[in-house]
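# Summary of the model geometry
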Amino acid sequence: MAIMIALAGKPNAGKSTFFKAATLADVEIANYPFTTIKPNLGVSYVRTRCPCKELKTDCQKCTDGERFIAVELLDVAGLVPEAHKGKGLGNAFLDDMRQAQAIIHVVDASGSTDIEGNPVPVGSYDPLNDIKFLENEITMWMYGILNKNWVKISRKTTSAGGGRIEDVVAEQFAGLGITDIMARQALHELGLDSKSVVNWTEQDMIDLSDMLRHVSKPLVIAANKADIAPPENIKKLMGLEKDGYKVVPCSGGIELALRMAAKNNFIDYLPGDTDFKILNPEKLNAAQKAALDKMRDFIVKNGGTGIQKCLNTVVFDLLDYIVAYPVEDESKFSDKSGNVLPDAFLIKKGSNAKDLAYKVHTQIGDSFLFGVNARTKMRLGEKHELENNDIIKIVSTK
Ligand SMILES: Nc1nc2c(ncn2[C@@H]2O[C@H](COP(=O)(O)OP(=O)(O)OP(=O)(O)O)[C@@H](O)[C@H]2O)c(=O)[nH]1
């Protein structure tokens, strides 16, 4: 299953621009099999250093040693206050969110849009307000689900031979990716158990929903429109990091302009680069040059536009994925036809060679014997945890 990331935020925060930028690919990439075709679902990429350079071989799957691995990006409808009660596109927004493993919360850091997305003078709205607002909408939506099914849940857990509370809660939220382990952890932290179910207050249920939101939908804050944001707003948003948030100043607008310029061969730029090269300066007019200079200032100062960083932060930091490269010929790091490092897979940290085998194909997983680390030629059993950038030959009976 592909990783799906939701882009969420209030109207006019810049989600569509972010989405357009992040899904406009101009890199060497493998065909991506779409499972669902929806206008607001696109393919984006995380960027990682391809091992081919270190191995001094040539692969056909990276650009200048930078490998782009597909993830799905979902542009969800703009969120307005009380969406959980059905306001605006309310439930459409929240239903979209179900399938996502994590959220990029696009915040208008410039403070030029109010809570409903209406334009206001730059700096006049405090973007900190948006953080709790989005979290509250998701929490209250989950609380709504819990509350609606409350009678059923309490009956299931209190009747003779009834289920464990964590299983019942997990079952209720299965569509949201909540496991019994997550539910147990949340219940434990709140000091709630099956025995007390009948005495749970509304606040207990809201707290549980909030905790489950936190574990099942981790989020990164994209402090967007950083190109026009007052520095104190960026500072304020960055201050959230001390509360455990991940915050990335970014500009979807600049990323989109740079990707378009690269696509049209005006510049040499890869998503995530911290600078770019103008290819044919003589073809640019003064206004275009000035615009590119301004964008260069921004990315040099900020270490990129921040868009790639948002995606990488979600996948590698929040969701704890690593990259592994399955190969068939461990001496050439290639498949049978000699294609070097033909595939890159995102797997959860803690995975072993057998888990990787299942990612490649269910049959290969089922008939897994052992893995071979292509660099060291060491045999890897099922207990051996893979490391980031491992290149693995899978030996199976098939
Ligand atoms: N300066 C600046 N403006 C931006 C940036 N990203 C988006 N904008 C502008 O902000 C406005 C809203 O952007 P959209 O991408 O349409 O916002 P949205 O969140 O998708 O809005 P809805 O579709 O209404 O939910 C547009 O005028 C964009 O040009 C940015 O990084 N910098």
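Residues numbered from 1 in each chain as written. Predicted model: local features only at pLDDT ≥ 70, side-chain atom pairs only at ≥ 80, totals over all residues.

### A few points about the overall build of the protein
The test is simple: Only DSSP runs of H or I with at least four residues qualify as helices, and only runs of E with at least two residues qualify as strands; both kinds are numbered from the N terminus onward. Exposure criterion: with C-beta atoms placed from backbone coordinates, a residue whose C-beta has 20 or more other C-beta atoms within 10 Å is buried, one with 12 or fewer is exposed, and one in between is partly exposed. We call two residues in contact when their backbone-placed C-beta atoms lie within 7 Å.
Along its length, the protein carries 13 helices and 14 strands. A principal-axis box enclosing the C-alpha atoms of the protein has dimensions of 75 × 65 × 35 Å. Classification of the 398 residues of the protein by burial places 40% in the buried group. Of the contacts formed within the protein by residues at least 6 apart in sequence, a portion of 67% connects residues at least 24 apart.

### A few points about the site of the ligand
How we decide: Near, for a residue, is defined by distance from a backbone-placed C-beta atom to a molecule or strand, with 6 Å as the limit that must not be exceeded.
For the ligand, the set of nearby residues contains 17 residues, the closest of which are Gly 14, Ser 16, Thr 17, Gly 78 and Gly 253. Among the secondary structure elements, those contributing two or more residues to the shell around the ligand are α1 (15–23) and α9 (252–263). Of the residues forming the shell around the ligand, the biggest block, 3 residues, is contributed by α1.

### Quick word on the sheet that holds strand β13 (residues 379–380)
The line we're drawing: Note on pairing: DSSP must find at least two bridges between two strands before they are called paired. For every element, the axis is a line fit to its C-alpha atoms; helices are fit only across the contacting stretch, and the angle between N-to-C directions ranges from 0 to 180 degrees.
Read across the open sheet, the 5 strands follow the order β11-β10-β14-β12-β13; overall the sheet is mixed. Each end of this open sheet is capped by a strand with a single partner; those strands are β11 (345–348) and β13. Of the pairings in the sheet, the one linking strand β12 (residues 368–373) to strand β14 (residues 390–396) comprises 5 bridges and is antiparallel in character. Counted as the bridge partner of Val 372 is Lys 393 from β14. Contacting β10 (321–327), β11, β12, β13 and β14, helix α12 (residues 353–360) crosses the sheet at an angle of about 80° to β14.

### Describing unusual backbone geometry
Keep in mind that most residues, glycine aside, have a negative phi and that most peptide bonds are trans. Unlike most non-glycine residues, Lys 225 shows phi in positive territory, near 60°. Relative to the elements of secondary structure, Lys 225 occurs in the loop between β6 (219–224) and α8 (231–238). On the neighbour-count criterion, Lys 225 (28 C-beta atoms within 10 Å) is buried.

### Concerning the pairing of strand β5 (residues 102–108)
Within β5, 6 of the 7 residues are buried, which leaves it mostly tucked inside the rest of the structure. Where strand β1 (residues 4–8) lies against β5, 4 bridges are found, and the strand directions are parallel. For Ile 5, the partnering residue across the bridge sits in β5 and is Ala 102. With 6 bridges joining them, β5 and β6 adopt parallel strand pairing. Directly across from Asp 108, in β6, lies its bridge partner Asn 224.

### Here we look at the environment of Ile 307
On the secondary structure map, Ile 307 appears in helix α11 (residues 307–318). Put simply, Ile 307 and Pro 271 are 36 residues apart on the chain and 7.9 Å apart in space, counted from C-alpha to C-alpha. When near neighbours in sequence (up to four residues on either side) are disregarded, Ile 307 contacts Phe 18, Ala 21, Ala 22, Cys 250, Gly 252, Glu 255 and Pro 271.

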